[in-house]
Amino acid sequence: MNAVSRAYEGYGVPFEGALRAARIAPRLLGDPQARVTAEQFEALSGHAMRELDDEALGWFSRRLPWGSHGLLCRAAVTAPDLGIALKRWCRCHGLLTEDIRLMLTVKAGTASLVIQERRMPAELREFCLVSVLRMVHGFACWLIDSRIPLNDLSFPFPRPAHAASYRAMFPGEARFGAEAAGFSFDANYLALAPVRDEAATRAMLQKALLLTVLQYRRDRLLVDRVRMLLRARMSGRGHAPGLPNAEELAVMLNISGRTLHRQLNEEGASLQQIKDDVRHERALELIQRSNRPLKQIAHLVGFRSEKSFSRAFRLWTGAAPGQFQRQRQRAQG
């Protein structure tokens with residue numbers, strides 16, 4: 001809110017009209033503890049961008065006229081996958097301003113989007129870097145209709161007094177004092193195809209700012225991410241036998257247990273079914289690639305007894321685990 005006020009000061013335009021449009025009391029200005037709703041901030045920013053004809057709100061050395069981010073969205077929405085869409089966004093953003101540069105890289109299964117700073121008013125630096133990252137992340141989530149959890153979120157300035165508010169803006173813990181602003185995420189999301197078209201884009205642009213102030217909820221790769229976490233726990237060393245429960249998984253995924261169950265249900269899956277699949281896979285792996293006794297294998301995949309393991313294995317495969325073990329032994333001679 002105060003950063004928007006500075007943009008008005010820079011253009012020499014009175015700020016009161018924007019506050020009235022957003023129904024924000026002027027007395028909240030200058031109060032470090034003051035908070036506004038997402039809808040109020042959307043109304044404030046939208047009014048300011050139109051009135052000042054600058055979607056960057058004074059961040060850059062030249063205006064970004066109203067409609068600039070609409071061009072970015074339209075350039076990216078026709079891409080065959082998210083990876084190409086983000087590359088288009090970064091390239092086209094460079095045509096709008098040279099003050100910052102957006103870079104997308106992929107290494108070892110992790111995608112990273114980083115902002116290279118060239119010139120920017122010091123008093124608007126935080127507002128700019130946070131907003132640009134929120135715009136990119138919000139659009140990416142909307143484009144593929146999926147929440148994109150962040151593995152790392154970094155900013156090159158000291159931890160601000162309002163750092164707790166970053167949790168409401170980003171699905172990941174912010175790290176301050178870094179070399180550059182940026183975030184990283186699982187590169188598998190880059191392969192997801194957009195689910196939006198021109199009509200959806202037109203509708204979204206009517207309320208585009210909501211993408212920058214509210215986090216996306218649905219995660220299209222949630223089932224895969226849960227399965228990966230369970231596999232890692234099942235095969236990892238130093239862990240007690242068994243799999244994490246819903247609350248433990250939710251903490252790992254940075255969501256609530258209730259949200260975990262709801263989103264899995266929306267994807268036609270259940271945590272119990274995924275756990276059974278992971279136990280099944282691990283049991284087959286241990287039977288076919290090791291000489292461990294069945295009692296030990298049962299313990300390693302989380303069963304209290306060999307009898308309960310055998311019962312579950314029959315449900316999974318239609319045969320007893322001992323039968324699989326004897327077949328392997330015969331094949332080995």
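Residues numbered from 1 in each chain as written. Predicted model: local features only at pLDDT ≥ 70, side-chain atom pairs only at ≥ 80, totals over all residues. Heavy atoms only, no water.

Asks: How should the nonpolar core be read in this particular structure?
Replies: What tends to happen in soluble globular proteins is that the nonpolar side chains get buried as a cluster. Judged by nonpolar contacts, the single largest core of 72 residues is most densely connected at Leu-44, Leu-57, Trp-59, Leu-82, Leu-133, Phe-155 and Phe-185. Counting residues per element, this core draws most heavily on helix 6 (residues 125-144), which supplies 14 residues. With near-sequence residues (within four places) excluded, Leu-57 lies in contact with Val-4, Ala-7, Ala-48, Met-49, Leu-52, Leu-124 and Phe-127. Judged by nonpolar contacts, the second largest core, of 28 residues, contains Leu-222, Ala-246, Leu-260 and Ala-283. (Core = buried A, V, L, I, M, F, W, Y, C linked by side-chain atoms within 4.5 Å. Buried < 20%, exposed > 50% of the residue type's maximum accessible area, 1.4 Å probe, protein only. Helix = DSSP H or I, 4+ residues; strand = E, 2+ residues; numbered from the N terminus. Contact = heavy atoms within 4.5 Å.)

Asks: Please clarify how the sheet that holds strand 2 (residues 110-117) should be interpreted in this entry.
Replies: Sheet strands associate in pairs through backbone hydrogen bonding, adopting either a parallel or an antiparallel arrangement. Taken in spatial order, the five strands line up as 1-2-5-3-4 in an open sheet, and their pairing is mixed. Each end of this open sheet is capped by a strand with a single partner; those strands are strand 1 (100-107) and strand 4 (174-176). When the angles between neighbouring strand axes are averaged without regard to direction, this sheet yields 15°. Here three bridges tie strand 3 (residues 152-155) to strand 5 (residues 181-186), and the two strands are oriented antiparallel to one another. Looking at the pairing, Leu-153 lines up with Phe-183 of strand 5. Against the sheet, helix 5 (residues 82-96) makes contact with strand 1, strand 2 and strand 5, and its axis sits at roughly 155° relative to strand 1, the strand it touches most. (Pairing = 2+ DSSP bridges. Axes fitted to C-alpha atoms, helices over the stretch in contact; angles between N-to-C directions.)

Asks: I'm lost on the pairing of strand 2 in this one. Help?
Replies: Walk down a regular strand and you will see the side chains alternate between the two sheet faces. When strand 1 meets strand 2, the two strands line up antiparallel, connected through eight bridges. By the bridge assignment for strand 2, Arg-101 is matched with Gln-116. The antiparallel hairpin formed by strand 1 and strand 2 contains two residues in its connecting segment, where Ala-108 sits at a positive phi of about 55°. The pairing of strand 2 with strand 5 spans six bridges and is classified as antiparallel. Within the sheet, the bridge partner assigned to Ala-111 lies in strand 5 and is Phe-185.

Asks: What is the right way to look at the side chain of Arg-227 in this model?
Replies: With respect to the helices and strands, Arg-227 occurs in helix 10 (residues 222-235). Residue classification places Arg-227 among the buried residues on the basis of a relative accessible area of 17%.

Asks: Please clarify how the packing of helix 4 (residues 68-77) against helix 6 should be interpreted in this entry.
Replies: For any two helices packed against each other, the geometry comes down to the angle between their axes and how far apart the axes lie. Between helix 4 and helix 6, the shortest axis-to-axis distance is 12 Å and the interhelical angle comes to 40°. In this view, helix 4 runs oblique relative to helix 6, as classed from their interaxial angle. Helix-helix and strand crossings are classified by hand; for helix 4 and helix 6 the assignment is right-handed. Within the contact between the two elements, helix 4 uses His-69, Cys-73, Ala-76 and Val-77 and helix 6 uses Met-135, Phe-139, Trp-142 and Leu-143. Its residues placed into classes, the contact of helix 4 with helix 6 shows seven nonpolar, one polar and no charged. (Parallel < 35°, antiparallel > 145°, perpendicular 65-115°, else oblique. Left-handed = near helix turned anticlockwise from the far one by under 90°. Nonpolar A, V, L, I, M, F, W, Y, C, P; charged D, E, K, R; others polar.)

Asks: Even after reading the chapter, I still don't get the pattern of salt bridges, so can you show me in this structure?
Replies: Any two side chains of opposite charge can pair if their charged atoms end up close together. Summed over all chains, the structure comprises twelve salt bridges. With its nearest N and O atoms 3.0 Å apart, the salt bridge here joins Arg-119 to Asp-99. Taken as a pair, Arg-119 in the loop between strand 2 and helix 6 and Asp-99 in the loop between helix 5 and strand 1 lie far apart in primary sequence, 20 residues in all. Asp-145 is the partner of Arg-196 in a salt bridge, and the nearest nitrogen-oxygen pair spans 3.8 Å. Here Arg-196 is found in the loop between strand 5 and helix 8 (198-205), whereas its partner Asp-145 is found in the loop between helix 6 and strand 3, with 51 residues between them in sequence. Owing to a relative accessible area of 23%, Arg-196 belongs among the partly exposed residues under this scheme. Here the salt bridges share partners, and the residues they tie into one network are Arg-74, Glu-198 and Arg-202. (Salt bridge = Lys/Arg side-chain N within 4 Å of Asp/Glu carboxyl O.)

Asks: So what exactly am I meant to see when it comes to the pairing of strand 3 here?
Replies: Bridge count between strand 3 and strand 4: three bridges; the pairing is parallel. Bridging from a neighbouring strand, Leu-153 pairs with Ala-174 of strand 4.

Asks: Just to check I follow, could you spell out the packing of aromatic side chains for this structure?
Replies: The relation between two aromatic rings is expressed through the spacing of the ring centres and the mutual angle of the planes. Scanning the model with the defined rule gives 17 aromatic pairs in all. Arranged with centres 5.5 Å apart and planes meeting at 90°, the rings of Trp-59 and Phe-127 form a pair that is edge-to-face. One end of the pair, Trp-59, is in the loop between helix 3 (38-52) and helix 4; the other, Phe-127, is in helix 6, with 68 residues separating them in the sequence. With respect to burial, Trp-59 and Phe-127 carry one shared label: buried. Both rings, one in Phe-183 and one in Phe-185, keep their centres 6.1 Å apart while their planes meet at 50°; by these two values the pair is tilted. Of the two residues, Phe-183 and Phe-185, both sit in the buried class. A connected cluster of aromatic rings, assembled from ring pairs, spans Phe-155, Phe-157, Tyr-166, Phe-170 and Phe-176. Above the ring of Phe-170, the side-chain terminus of Arg-134 is found at 5.6 Å from the ring centroid. Lying across the ring of Phe-303, Arg-279 places its NZ or CZ 5.8 Å from the centre. (Phe/Tyr/Trp six-rings, centres within 6.5 Å; stacked < 30°, edge-to-face > 60°. Lys NZ or Arg CZ within 6 Å of the ring centre and 35° of its normal.)

Just distances and angles here, no functional claims.
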